[in-house]
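Working through the structure, step by step
The primary structure of each chain is shown beneath.
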Amino acid sequence: MSDLTRSDAPRPSVAARLPGLSALGPLLALILLVALGATLNENFLSAGNITNVLARSAFIGMIAVGMTFVITSGGLDLSVGSMAAFIAGVMILGMNALLPSMGVGLPLVLAGMGIALGVGLLAGLGNGLLVTKARIEPFIVTLGTMGIFRSLVTWLADGGTISLDFGVRQFYRPVYYSGLFGIAWPIIVFAIVAVAGQIAMRHTRFGRYCEAIGSNDKVALYSAVNVERIRLMTYVLLGLLVGLATIMYVPRLGSASGSTGMLWELEAIAAVIIGGTALKGGYGRVWGTVIGVLILSLIDNILILADLVSPYLNGTIQGVIIVLAVVLQRGKSSSA
Amino acid sequence: MSAAPERAAAPVLELVDVRKSFGPIEILHGIDFALHAGEVHALIGENGAGKSTIMKILGGFLAPSSGAVRLDGAPAPYASGAQAEASGVVVIHQEFNLAPDLTVTENIWLGREKGGLFLDHRAMRAGTQALLDELGSTIRPEARIRDLPVSDRQMVEIAKALSRQARVLIMDEPSAVLTHREVEVLFRQIERLRAQGVALLYTSHRLEEITRLADRVTVLRDGAVVRKAGRGELTEDGMATAMVGRKLEDIYPPRRHQAGTVALEVRGFSVPPLVKDVSFTLRRGEVLGISGLVGSGRTELAEGLVGLRPATGEILRHGIPVAIGSVRDAAASGIAYLTEDRKERGLLLDKSLTENLTLSTLARFGALFIDGRREEAALSRAIAEFDIRAPRRDMKVGNLSGGNQQKLLLAKTMLGDPEVVIIDEPTRGIDVGTKSQIYAFIDALAAEGRSVIVISSDMPEILGLSDRVLVMRHGRIAGELEGARVTETDVVRLVMGTNEQPTGSASHV
């Protein structure tokens, strides 16, 4: 019993309180990248460049936070890039259609935002129901919907571009280009999503259940967890976040086409994996995902600024980093 | 040390004074063990007695620390399982070594395919058919393993062993996953192989199988041979006593439960496709044992009761009908089920003790946010109450011993404060010391006025714990025993269907 009395006090060891090496790894990589960027180009740490990098990260970032929950619970969503394009198309067409009756102004923009979130929710619900009710592999379901969303937006645009009315665009622009206390809106929204995501993952039943389901869905089922509903919720949450990202994205260009959001799904999944979330599920790290997103956009930024290697090699470097991240993860888990 | 049957032939495969240590701990102490051609040699002992280590050494998967492995009197010429197979020593593991998506033929020839650049499908199919004919099996060579019942998969393993010209066949609890009827098929094959002069090693926890099959019996306890006997020299009771090394009753609490009012009543309950028309009652403060062979529908019945399987029929709690469609519904009705499959359905092996403990009752630990401090406090209570021995609180549950995992699973189940607890195989893969602790917990649950159902394949456990015993056979209740009628003979008769009344279903289909 002497062993027990000692362990009675809730006192996690130091090693348990510090994040493990697999969590510190991405952070170290990020710090190294920032240091590298700063030495290569003096403009790297300027407010303008930092805002630029962060604002560009924000779209993928919000989607990647949602993707973290999907992957943690053992799922996958390949459709998010096409979904973003589709949502952007429907949102712009909707706002253009409402323009004559509502006129340029806040109500019209709010209506557009409502459309974006509504379409995102329905798209996520569709993916989720196909995975949970029809019991089709997430990979297959979202591979299918990826093609469907992409072709729908191309069809809506008749092969060209769907453009937001010029007047509305002028009114909507500040959502991307302006901000609060000098911080651009996309960055603020991304930060809120990331903090809320971290709290949800660590401190709510939803996050705990996602990890349990990804770790072993049979155990979760036998432990009275509503496995199907939690899984469905992860896809709906992701759909909503894609809608939110689209709301921040549309004012940037004011248009959508068949190539909008191309390869976003891969960037989002890559960010999640680089951040230390296990692709097979069971472990979710929202902070890690944020770091992963920043790493990916910093590589892009440094290549453009530094003129060290051709920016065309961006994909190569990102690819190497993704593979490295997974190799390091595996090394950790087998030694643990 | 009684003499084995006539010592005419020299052993085919033999262990001579074999010792095996893992690190500083010696787990096999000077084992002498021999397999003879045309004989079934049964190796029995409790979990952890060293059976599987001996089988691994015989099959070339482990090397002994000292002593010799002799094949035909000469040192065994193999250092791996594959080399042993090439020498005709084949092990059939409990988890079959078959690729589920390949056909029977493809599995049998896996790694030794006939043909040159292109596969000679016709020759392999003909070879497979010949093997299956020899075994008197009707399995089609083109069938995919995943479409076959477990008994047929076992048959494929045996065919595979034969195709490797096995002279020694080592079978690790082959009957554990089989139904009564399938066991009969297995026994016929074993008898056929014996007649062909194959040396067989057979292990099983079912002592009646040992009595029926074995020409020799070796009893292991704590890594040493404690008894060797020839056919008919050892009764089942004698085997059990030799295995345990003490009187079995000692580890069970005295039975003195006061049964109260009816807590649970089940009427006409069916869980398709196996369980049909089961009815029983369960009183407060009572331990009800459910016995029966693996595959008799015990687990299916329990999983149906807690909403894990679609089921029909009536469930009444304190006389009021309740609808249970999920584990959550069952919990709301005060019914909890502790699964037999601790590692795959009970616990998250790569999560911490806390996360496992609170998983099924997380809503009690905070409305919006989980209160980590209350979780830690709950773990402290569970550790004290159930004597869970964990070196560190934040360790992964997969690194706990089986006994401590089972105690944690029990603590997790009891956290929901259920009034009816169904415990499936409470002590599978657990050492004797922890077993008696778990028995004491079960006894305490009944003493507190809860109702407990214990499902077990372990006959002494059923006899030692239960106030009343239900026996299941082929998905139905074969009989109910109470009080002085709870005896091994009566239970076994019902399990096997040997005292079948004319009204009952036939035990052989």
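Treat the numbers as computed from the prediction; the structure is a model and nothing was measured.

**Section: the overall build of chain B**
- Within chain B, the regular secondary structure consists of 17 helices and 20 strands.
- Taken against the 2.2 N^0.38 rule, which gives 23 Å for 509 residues, the C-alpha radius of gyration of chain B at 25 Å falls within 12% of a compact globule.
- Counting the 509 residues in chain B, one finds 46% classified as buried.
- Across chain B, the fraction of contacts at a sequence separation of at least 24, relative to all contacts at a separation of at least 6, is 67%.

**Section: the interface of chain B and chain A**
- In this assembly, 30 residues from chain B lie in contact with 23 residues from chain A.
- Counting residues per element, the ones that place at least two in the side of chain B that touches chain A are helix H10 (327-332), helix H11 (342-346) and helix H13 (372-386) of chain B.
- Examining the composition of the side of chain B that touches chain A, we find that six residues originate from one element, H13(B), more than from any other.
- For the side of chain B that touches chain A, the class distribution of residues is 14 nonpolar, four polar and 12 charged.

**Focus: the sheet that holds strand E14 (residues 312-317) of chain B**
Residues and elements named next belong to chain B.
- Taken together, the four strands give an open sheet; going across it, the order is E12-E11-E14-E15, and neighbouring strands pair in antiparallel fashion. Across the chains shown, the open sheet's two edge strands, defined by having one partner strand only, are strand E12 (275-283) and strand E15 (320-322). Averaged over neighbouring strand pairs, the angle between their axes works out to 20° when direction is ignored.
- The pairing of strand E11 (residues 262-271) with E14 spans five bridges and is classified as antiparallel. Along E14, the bridge assignment pairs Ser270 with Thr312.
- The sheet contacts of helix H9 (residues 298-305) involve E11, E12 and E14, and relative to E11 the element is tilted by about 115°.

**With respect to H13(B)**
- The end-to-end C-alpha separation of H13(B) is 21 Å, in line with the 21 Å expected for 15 residues at 1.5 Å each.
- Phi turns positive, to about 55°, at B:Asp387, one or two residues after H13(B).

**Notes on the pairing of E14(B)**
All names here are of chain B.
- Across three bridges, the pairing between E14 and E15 is antiparallel. Following the sheet pairing, Ile315 is matched in E15 by Val322.
- Hairpin connection from E14 to E15: two residues lie between these consecutive antiparallel strands, with His318 at a positive phi of about 50°.

**A few points about the environment of A:Pro26**
Residues and elements named next belong to chain A.
- As for its placement among the helices and strands, Pro26 is situated in helix H3 (residues 21-40).
- For Pro26, a count of 25 C-beta atoms within 10 Å puts it in the buried group.
- For the pair formed by Pro26 and Thr289, sequence separation is 263 residues and the distance between their alpha carbons is 9.3 Å.
- Sequence-distant contacts of Pro26, that is, excluding residues within four places in its chain, are made with Ile274, Gly275, Gly276, Gly288, Ile291, Gly292 and Ile295.

**Examining the domain arrangement of chain B**
- According to the domain assignment, chain B consists of domain 1 (13-246), domain 2 (247-334 + 419-501) and domain 3 (350-417).
- In this structure, domain 1 of chain B and domain 2 of chain B have C-alpha centres spaced 33 Å apart.

**Here's the deal with the environment of B:Ala176**
Residue and element names in this part refer to chain B.
- Secondary-structure assignment places Ala176 in the loop between strand E7 (168-171) and helix H6 (180-195).
- When the C-alpha positions of Ala176 and Arg19 are compared, they lie 28 Å apart, and in sequence the two are 157 residues distant.
- Setting aside anything within four residues of it in sequence, one finds Ala176 in contact with Gln94 and Val294.

**Topic: unusual backbone geometry**
- Here the residue pair B:Pro272 and B:Pro273 is connected by a cis peptide bond, since its omega of 5° sits within 30 degrees of zero.
- In this model, A:Ala224 sits at a positive phi of 65°, which is unusual for a non-glycine residue.
- Residue position: A:Ala224 is located in the loop between helix H12 (217-222) and helix H13 (227-253).
- Despite not being glycine, B:Asp277 has its phi angle at roughly 50°, a positive value.

**Thoughts on the sheet that holds strand E8 (residues 199-202) of chain B**
Residue and element names in this part refer to chain B.
- If you walk across this open sheet you meet the six strands as E6-E7-E8-E3-E9-E10, and the pairing is mixed. Of all strands in the sheet, those with a lone pairing partner are strand E6 (89-92) and strand E10 (224-230), marking the two edges. Ignoring strand direction, the axes of neighbouring strands in this sheet form an average angle of 15°.
- With six bridges joining them, strand E9 (residues 216-221) and E10 adopt antiparallel strand pairing. Its bridge partner being in E10, Val217 is matched across the sheet by Ala229.

**Some thoughts on the confidence of the model for chain B**
All names here are of chain B.
- Scored by pLDDT, chain B has a mean of 85; 92% of the residues are at 70 or more.
- Overall, residues 1-7 carries pLDDT values under 50, and its contacts beyond four positions in sequence, including any with other chains, amount to 12 contacts.
- In the predicted structure, residues 500-509 sits below a pLDDT of 50 and forms seven contacts with residues beyond four places in sequence or in another chain.
- As a predicted assembly, this complex carries a pTM of 0.76 together with an ipTM value of 0.81.

**Quick word on the nonpolar core**
- Core analysis: the largest hydrophobic core is formed by 176 residues, its most contacted members being A:Ile63, A:Leu241 and B:Ile442.
- Here this core spans two domains, and each of domain 2 (247-334 + 419-501) and domain 3 (350-417) of chain B adds at least three residues to it.
- Beyond its immediate stretch of four places on either side in the chain, B:Ile442 contacts B:Val287, B:Ile423, B:Pro426, B:Val452, B:Val454 and B:Leu465.
- Ranked by size, the runner-up nonpolar core spans 65 residues in total, among them B:Phe33, B:Ile108, B:Val183 and B:Val198.

**Thoughts on the packing of H13(B) against helix H14 (residues 402-414) of chain B**
Residues and elements named next belong to chain B.
- Following both chains from N to C, one finds H13 and H14 inclined at 120°, their axes separated by 10 Å at the closest point. Viewed along their axes, H13 and H14 adopt a mutual orientation that is oblique. Seen from above, H13 lies across H14 with right-handed handedness. Where H13 abuts H14, its residues Ala382, Glu385 and Phe386 lie against Lys407, Leu410 and Ala411.

**Remarks on the packing of helix H5 (residues 80-102) of chain A against H13(A)**
Residue and element names in this part refer to chain A.
- Running from N to C, H5 and H13 point in directions that differ by 55°, and their axes come no closer than 9 Å. Taken together, the axes of H5 and H13 lie oblique to each other. As for the relative orientation of H5 and H13, their crossing is right-handed in sense. In this structure, H5 uses Val80, Met83, Ala84, Ile87, Ala88, Met91 and Ile92 to contact H13, whose residues at the interface are Leu238, Gly239, Val242, Gly243, Ala245, Thr246, Tyr249 and Val250.

**Concerning the environment of B:Arg493**
All names here are of chain B.
- Among the secondary structure elements, Arg493 is positioned in helix H17 (residues 488-496).
- Note on Arg493: 17 C-beta atoms within 10 Å, which makes it partly exposed.
- Taking C-alpha positions, Arg493 is 9.9 Å from Ala478, a pair spaced 15 residues apart along the chain.

About the criteria used
- Residues numbered from 1 in each chain as written.
- Chains lettered and ligands numbered in written order.
- Predicted model: local features only at pLDDT ≥ 70, side-chain atom pairs only at ≥ 80, totals over all residues.
- Helix = DSSP H or I, 4+ residues; strand = E, 2+ residues; numbered from the N terminus.
- Rg over C-alpha atoms; globule rule 2.2 N^0.38 Å.
- Buried ≥ 20, exposed ≤ 12 C-beta atoms within 10 Å, placed from the backbone.
- Contact = placed C-beta atoms within 7 Å.
- Nonpolar A, V, L, I, M, F, W, Y, C, P; charged D, E, K, R; others polar.
- Pairing = 2+ DSSP bridges.
- Axes fitted to C-alpha atoms, helices over the stretch in contact; angles between N-to-C directions.
- Expected span 1.5 Å × (residues − 1).
- Domains from an automatic or database assignment.
- pLDDT = per-residue confidence, 0-100.
- Core = buried A, V, L, I, M, F, W, Y, C linked by C-beta atoms within 7 Å.
- Parallel < 35°, antiparallel > 145°, perpendicular 65-115°, else oblique.
- Left-handed = near helix turned anticlockwise from the far one by under 90°.

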